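# Observations on the three-dimensional arrangement
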Amino acid sequence: MTNALSVRALTKKFGEKTAVDALDLDIRAGELYALLGPNGAGKTTTLRMVTGLLKPDSGTIHVFGADAIADPIAAKRMLAWLPDEPALYDKLTAWEYLEFIAGLWGVDAKTAAPRAEELLKFLGLWDNRDERTEGFSRGMKQKTALAGALIHDPKLLMLDEPLTGLDAAVARQVKDLLQERARSGGSVILTTHILDVAERVADRIGIIQGGKLLAEGTLAELRGRAGGASATLEDVYLQLVSGAA
Amino acid sequence: MFGPGGVLFLLRHEMLLTWRAFRASGKGRHVRRIIFYSIMIAVLGFGGYWAARFLSEVEPKPSVLMLGITGGVFAILCSLMISQALMLITESLYQRGDLDLLLSSPVPLWRVLIVRMSAIAINVGLFYLILTAAVFVWLPSFGGWRWMAFAPSLLLLTLFSTAVALVLARLMFALIGPKNTRIVAQILGSLIGAAFFIASQIPRFTEDESRAQAMRDVFDAIVPVVGDPASIVSLPARAAFGLGFDIWIWGLVALGSFMLAVWWYASRFARDAAAISGLGSRRKRNVRAARGMRSGVNATLIAKEWRLLRRDPLLLSQILLPLLYFAPLFAVFGSRVGEGDLTRISAAGFASAFVLLVTSFAASLAWLTVSAEDAPDLIASAPVSRDQVDVAKSMAAAVPSVMLLLPPVIGAAILVTPMAGMWMLIGGAAAILSTCLIATWHQTPGSRKEFRRRTRGSLMLNLGRSFVAMGWIAATGLAVAGWPLAAIIPAIISGGFMLALHESRPPREV
């Protein structure tokens, strides 16, 4: 079965600093994968290269078999990217924002409108659809951006710190949505600092530091590496990260 | 006063921020800045030297005529300062920076305000004070001591103007709300600036005799009022001449008005600041039933750009207000056509001016649509090629520019000759197309809030851009004047610069 994302020997340097160092990564179709790592570990840089926002120095990226470097448009068609700071237009309403995203991804208006309605209703933004996003709270902005990421029904959804700054209720809503997405066959990759989130929602977890993947596997597999079934993800993470430092 | 939280402590903080912002604005261009400031100092020093020399030979007699002229100049300066201060006052509330931090601290509100408004007064008066300083540094060496009272008088004028602006801002906040105040302040500022320019241009288009008569009439009407030595209106002018206690009275009036205005403004300041911070808050809107959506990349990109423009009246006013500077030209064009006095040469001049107008309009729009993208990562992550995005965004700028060009083209075709209309259309369209292409080749990414700084960038790029525009303007003028063959030369020059700009475009990162 084709992987949702397949990254081989991916490398990116910023001047002398190697942000991503010959990284190999595979995300399976229908999987929710959490990428953990300390600040500056290379998580966001990796995802930005997959999305086509950064050009890798070397290595290959395949999204559902499509070469994301040779044919970025084909790869982007299957992708959605949600950065940690929602990229919204203050003067557009939530509905107009979704219309814009649907247009960019070439979704037919007849398909996009009911999909937008469904997403806005699910995320509790339906009553706010004709309001400009400039007045939205952080959580509402994040949910609008999430609706934008899902409007074109991407096969691979990539989220960078999606729960930062969200209150418990909104965070729960987002987590439910991501799990639902994975259950229905979509692939999700998210970066997070919140270990609890990774522990609760991810099928597999990857730990990255210095641009290299230190370990990956299910929570049970990672616990095994840490030497105890009772070890928490925090124990595993700290052991791996401090060991590599 | 000097301790933590004191007026001078806050003033030092304010000045430090201003200085850092000033330094950051020219980061990486130190050599160019040093050259620029050296030239400016040399020019000012040279001009100031001759002005001081001339002034020193004139006895500062406070006659009705002299007081009238000085009062008139002060009135013009005062109106310019008020408009500038009004904009700065509203901006100081919008670009909050550390305002929330200061307002949540135990520092008394009046202290924060006094410092912030003093900084605004300094900002408003700085340009004029630099100009006058260039003269005053030379005055003592020529024995022109008696003119020195102009400096404090001008300084006090900045305080007085800031006070008037504060009162106006307070009234406008109460009457039309903080959001509209910002837009109105912007428009007023531009209108006042434009009014002087327009007024100064109108005599250029009138006959010598009527111009002289009009000047005499205006002069005769104003001088007796602002030059009356017994009138309060002439107080700033009398102070400038160093008459008796007038400088002290003027000082008391200016400083007193400033303090009073700050006090009055402070009574509402916290509420206005809170109102502005909540401007983005959601307004109750009529919720409409779910409606259809647009399809297609071009349609959605263009719709998005136009929506963003339409919903930002402040930005829209900044784009449209420069068109006011062409108002005298339109007026004269209309009167010449009405009198049947439109020669081929004057028609060519008008045609060139219209092309200049649409080029400048297209350049502003193209920067906004192409460079000032609020969500560049979103666009870059979409399955659309950069070229496709650039074409759609350029169209969003080009279409309104062509719409602006069409009425004068139709007017020229009907009132001059059909060929004149056609040449104008070709020249204008070429200028718009070139402007949009340059905007896509040499993008200067920035936030929409940085609209006024959109032309920053390399000197060579700006020169190239100007030469391309001038080429099309000249070509249009020559063609409309009846020399289409001669128009080929500037058109080729424009084409050459376009080629150079195309070849020098930076490589794309992704």
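For clarity, every value in this text was computed on a predicted model and none was experimentally measured. (Residues numbered from 1 in each chain as written. Chains lettered and ligands numbered in written order. Predicted model: local features only at pLDDT ≥ 70, side-chain atom pairs only at ≥ 80, totals over all residues.)

Take the overall build of chain A next. Of the regular secondary structure elements, chain A holds nine helices and ten strands. Its C-alpha radius of gyration of 18 Å places chain A within 12% of the 18 Å reference for a compact globule of 245 residues. When the backbone C-alpha atoms are referred to their principal axes, chain A occupies close to 50 × 40 × 35 Å. Split into buried and exposed, the 245 residues of chain A put 49% on the buried side. Excluding contacts between residues fewer than 6 apart, the proportion of contacts in chain A whose partners are at least 24 apart in sequence is 69%. (Helix = DSSP H or I, 4+ residues; strand = E, 2+ residues; numbered from the N terminus. Rg over C-alpha atoms; globule rule 2.2 N^0.38 Å. Buried ≥ 20, exposed ≤ 12 C-beta atoms within 10 Å, placed from the backbone. Contact = placed C-beta atoms within 7 Å.)

This next bit is on the overall build of chain B. Summing up its helical and strand segments, chain B has 19 helices and zero strands in all. Burial status across chain B gives 33% buried among its 510 residues. In chain B, of all internal contacts separated by at least 6 residues, the share reaching a separation of at least 24 is 82%.

Here we come to the sheet that holds strand 9 (residues 204–209) of chain A. All names here are of chain A. Judged by pairing direction, the sheet is mixed, and its six strands sit side by side in the order 6-7-8-3-9-10 without closing on themselves. At either end of the open sheet lies a strand with only one pairing partner, and these are strand 6 (79–82) and strand 10 (212–217). On average, each strand axis in the sheet is tilted by 15 degrees relative to the strand beside it, whichever way the strands run. Its contacts with the sheet place helix 5 (residues 138–150) against strand 6 and strand 7 (156–160), and it is angled at close to 170 degrees to strand 6. (Pairing = 2+ DSSP bridges. Axes fitted to C-alpha atoms, helices over the stretch in contact; angles between N-to-C directions.)

Here we take up the domain arrangement of chain A. Accessible area lost when the parts come together is the quantity often used to give the size of an interface. Residues and elements named next belong to chain A. Domain annotation for chain A reports domain 1 (1–78 + 156–165 + 188–245) and domain 2 (84–154). Computed from C-alpha coordinates alone, the two centres of domain 1 and domain 2 are separated by 27 Å. At the junction of the two partners, domain 1 supplies seven residues and domain 2 supplies four residues. Residues that form the side of domain 1 that touches domain 2 fall into these classes: three nonpolar, two polar and two charged. (Domains from an automatic or database assignment. Nonpolar A, V, L, I, M, F, W, Y, C, P; charged D, E, K, R; others polar.)

Within the largest apolar cluster, 142 residues are counted, with the highest numbers of intra-cluster contacts made by I151(A), M158(A), A351(B) and A362(B). Take this core: its biggest share by element is 17 residues, from helix 14 (residues 344–371) of chain B. (Core = buried A, V, L, I, M, F, W, Y, C linked by C-beta atoms within 7 Å.)

Residue and element names in this part refer to chain B. Packing of helix 14 against helix 18 (residues 459–480) brings their axes to within 8 Å, and their N-to-C directions diverge by 150 degrees. Classified by the interaxial angle, the pair formed by helix 14 and helix 18 is roughly antiparallel. For the pair helix 14 and helix 18, the sense of crossing is right-handed. Contact residues: helix 14 offers A347, A348, G349, A351, S352, V355, L356 and T359, while helix 18 offers A469, W472, I473, T476, G477 and V480. (Parallel < 35°, antiparallel > 145°, perpendicular 65-115°, else oblique. Left-handed = near helix turned anticlockwise from the far one by under 90°.)

Before going further, it helps to examine the interface of chain B and chain A. Across the boundary between the two partners, chain B contributes 32 residues, which contact 33 residues of chain A. Elements that contribute at least two residues to the side of chain B that touches chain A include exactly helix 11 (297–310) and helix 15 (376–380) of chain B. The element contributing the most residues to the side of chain B that touches chain A is helix 11 of chain B, with six residues. Partitioning the side of chain B that touches chain A into residue classes produces 13 nonpolar, eight polar and eleven charged.

This part takes up helix 4 (residues 109–122) of chain A. Between its terminal C-alpha atoms helix 4 of chain A stretches 20 Å, which fits the 20 Å expected from 14 residues at 1.5 Å a residue. Looking at the buried side of helix 4 of chain A, the elements it contacts are helix 3 (94–104) and helix 5 of chain A. (Expected span 1.5 Å × (residues − 1).)

Here we take up the confidence of the model for chain A. Looking at chain A, the pLDDT average stands at 88 and 96% of residues meet or exceed 70. Per-element confidence in chain A is highest for strand 4 (residues 58–63) of chain A, whose mean pLDDT is 95, and lowest for helix 9 (residues 233–244) of chain A, whose mean pLDDT is 76. (pLDDT = per-residue confidence, 0-100.)

Moving on: the sheet that holds strand 5 (residues 66–67) of chain A. Backbone-to-backbone hydrogen bonds pair the strands of a sheet. The strands run either parallel or antiparallel. All names here are of chain A. What the four strands build is an open sheet, ordered 2-1-4-5; its pairing is antiparallel. Two strands close off the open sheet at either side, each with one partner strand: strand 2 (17–27) and strand 5. Where strand 4 lies against strand 5, two bridges are found, and the strand directions are antiparallel. Each residue of the ladder has a partner; that of V63, found in strand 5, is A66.

With that out of the way, let us pick up unusual backbone geometry. What is expected of a backbone is that most residues other than glycine have negative phi and most peptide bonds are trans. All names here are of chain A. Not every positive phi belongs to a glycine, and F64 is a case in point at roughly 45 degrees. Turning to its location among the elements, F64 is positioned in the loop between strand 4 and strand 5. For F64, a count of 19 C-beta atoms within 10 Å translates into the label partly exposed. One non-glycine residue, D153, adopts positive backbone phi at about 50 degrees. Relative to the helices and strands, D153 resides in the loop between helix 5 and strand 7. A tally of 14 C-beta atoms within 10 Å means that D153 is categorised as partly exposed.

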